[in-house]
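Commentary on secondary and tertiary structure
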Amino acid sequence: MIASMRRFVETCEAVSATTKKTEKVRLVSKCLRSLPVDDAARAAIFFAGHAFPRWEERTLAVGGSLIWQALEALSGLPPERLSQTYRRYGDAGGMAEEVLSSDNPGGELTLRDVAATFENLAALRGSTQKLEAFKQLLRRASPGEAKYIIKIVTGDLRIGLKENLVEEAIAQTFLRPLDLVRRANMITADVGATFRLAAADDLAAARLRLFHPIGFMLATPAETPAEVFESFPADALVEDKYDGIRAQAHKSGRTVKLFSRTMDELLEFPELFEGLAALPGEFILDGEILAWRDAHPLPFRELQRRLGRKHSDMWLLLDIPVNFVAFDLLYQDGDLLLDTPLRERQRRLEQLLGPAPGAHFQLAGSQRCQTVEELRETFENAILRGQEGLMAKEPGSPSPLSTSS
DNA sequence: ACTGATGCGTC
DNA sequence: GTCGGAC
DNA sequence: GTCCGACGACGCATCAGT
């Protein structure tokens with residue numbers, strides 16, 4: 001029985017060796033199929049380049065410097081030699097494979113061991129402790145295993161494999177519809193859990209958990225107004241594109257939580273909670289946090305000064321006021337609205353927020369555009385109002401399109 | 001107690 | 001966030 | 001068109017070293 005980490009590494013190497021997406025998917029699928037469910041679920045997360053499920057906020061806090069120190073210690077090579085090797089690969093993982101002793105056969109490491117060490121690393125405090133634990137893990141690994149451990153730690157495998165393709169591999173493994181897999185992965189934000197659901201033929205049962213962020217719809221840029229209408233033959237719903245921080249607001253009872261695009265909880269904007277908590281029912285809003293003073297948006301730089309703080313500073317809170325601009329409703333009172341037409345979601349959103357928005361939140365004004373001229377004029381107005389551009393959406397579908405020129 | 005390096009997260 | 005490249 | 005990889009600017013917190 002081949003140890004699961006070795007199996008994972010062999011698959012990564014094979015995936016790296018081909019540029020064909022279908023082949024990558026086939027290889028990943030083959031690997032997932034060959035592993036026990038628990039290990040396959042871990043592998044799915046690692047294939048996506050994550051140490052933990054996406055919805056988790058834990059980080060390893062092991063970066064380039066610590067990796068460098070570990071490799072220096074374990075290889076016994078002088079820094080110049082390491083630099084040389086690094087330059088050749090441009091990748092700490094590749095460097096590790098070359099400089100670590102090939103006497104070490106490894107092969108005993110399981111995906112479970114690696115996952116456990118990640119847990120430990122996340123829990124340890126201080127770089128000294130982390131360095132020790134990290135070195136210990138690498139000592140147990142073959143050079144090839146070390147390569148991919150480091151790639152996971154840096155958050156990017158760089159083998160032309162992303163979570164999208166892992167979803168495809170899961171669908172292929174169990175012959176499930178790709179749509180269902182993507183949907184489950186969006187709801188759970190955990191490609192390992194998605195794997196388990198697919199294995200159990202239970203994808204449709206993927207349940208949304210309030211206060212666990214779900215996947216964000218990202219926009220794609222468009223150069224010209226004409227491009228927008230190529231995508232939306234009929235007409236387009238158009239909103240300002242705000243230069244702020246994308247956020248998901250979850251609310252139930254009096255509890256409100258905000259999540260950023262990387263699914264971290266945003267705790268820096270307490271003044272937004274009151275107004276949202278006062279709204280009726282349970283819901284998830286998609287929106288943007290804006291620095292906003294005297295009816296105008298402030299530069300992003302200002303907003304950034306409020307980010308990342310552990311303790312909110314009263315002065316700063318008054319100095320840089322913020323608003324939550326809601327532009328979509330993803331869930332309401334038991335109904336997941338991802339497949340509901342935008343028109344209907346907006347109707348419910350307007351009804352939810354009511355005619356008099358609160359002090360710190362507002363509804364994104366949307367307007368219908370039917371001609372290129374109309375769109376161009378709206379765009380220019382948006383820029384004049386200090387916005388970044390426009391978001392254009394099709395009334396029937398959930399995927400947005402933004403214009404930037 | 002201070003400072004610089006490091007990691008992380010926002011766009 | 002942007003950009004360019006591979007498919 | 002879609003996906004992926006490589007890249008930059010900025011600001012904050014934490015820790016190591018002084």
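Structural notes, computed from the coordinates. (Residues numbered from 1 in each chain as written. Chains lettered and ligands numbered in written order. Predicted model: local features only at pLDDT ≥ 70, side-chain atom pairs only at ≥ 80, totals over all residues. Heavy atoms only, no water.)

Quick look at the nonpolar core
Counting residues in hydrophobic clusters, the biggest one holds 69 residues, and the most contacted among them are F8, L32, F46, F47, F118, F134 and I149. If one sorts the elements of this core by residue count, helix 3 (residues 37–47) sits on top with seven residues. With residues near it in sequence (within four places) discarded, F8 still touches C31, A43, F46, F47, L111, Y148 and I152. A249, F269, A326 and F361 belong to the second-largest nonpolar core, a separate cluster that totals 28 residues. (Core = buried A, V, L, I, M, F, W, Y, C linked by side-chain atoms within 4.5 Å. Buried < 20%, exposed > 50% of the residue type's maximum accessible area, 1.4 Å probe, protein only. Helix = DSSP H or I, 4+ residues; strand = E, 2+ residues; numbered from the N terminus. Contact = heavy atoms within 4.5 Å.)

What to know about the environment of K151
Here K151 shows up in helix 9 (residues 143–153). In this structure K151 comes out as buried when scored by relative accessible area, which is 6%. Once the C-alpha coordinates of K151 and H50 are considered, the two residues, 101 residues apart in sequence, prove to be 9.3 Å apart. Residues within four places of K151 in sequence aside, it is in contact with D91, G93, D156, L157 and R158.

Remarks on the packing of aromatic side chains
Evaluated as defined, the whole model comprises five aromatic pairs. Judged by centre distance (5.6 Å) and plane angle (80°), the rings of F46 and F118 are edge-to-face. You can see F46 sitting in helix 3 and its partner F118 sitting in helix 7 (residues 111–123), a full 72 residues away along the chain. Comparing F46 with F118 shows no difference in burial state: the two are buried. Members of the aromatic cluster, joined through ring pairs, are F8, F46, F47 and F118. (Phe/Tyr/Trp six-rings, centres within 6.5 Å; stacked < 30°, edge-to-face > 60°.)

Focus: the pattern of salt bridges
In total, this model carries 30 salt bridges according to the counting rule given. The closest approach of N and O atoms between D156 and K162, which form a salt bridge, is 3.5 Å. A relative accessible area of 31% places D156 in the partly exposed class. Taking relative accessible area as the criterion, K162 reaches 48% and is therefore assigned partly exposed. Between R348 and D335 there is a salt bridge, and its shortest N-O distance comes to 3.2 Å. With R348 in helix 17 (residues 342–353) and D335 in strand 8 (residues 335–336), the pair connects residues that are 13 residues apart, well separated along the chain. Relative accessible area serves as the criterion here: at 17%, R348 is assigned to the buried category. By sharing partners, the salt bridges in this structure join E13, E97 and K147 into a single network. (Salt bridge = Lys/Arg side-chain N within 4 Å of Asp/Glu carboxyl O.)

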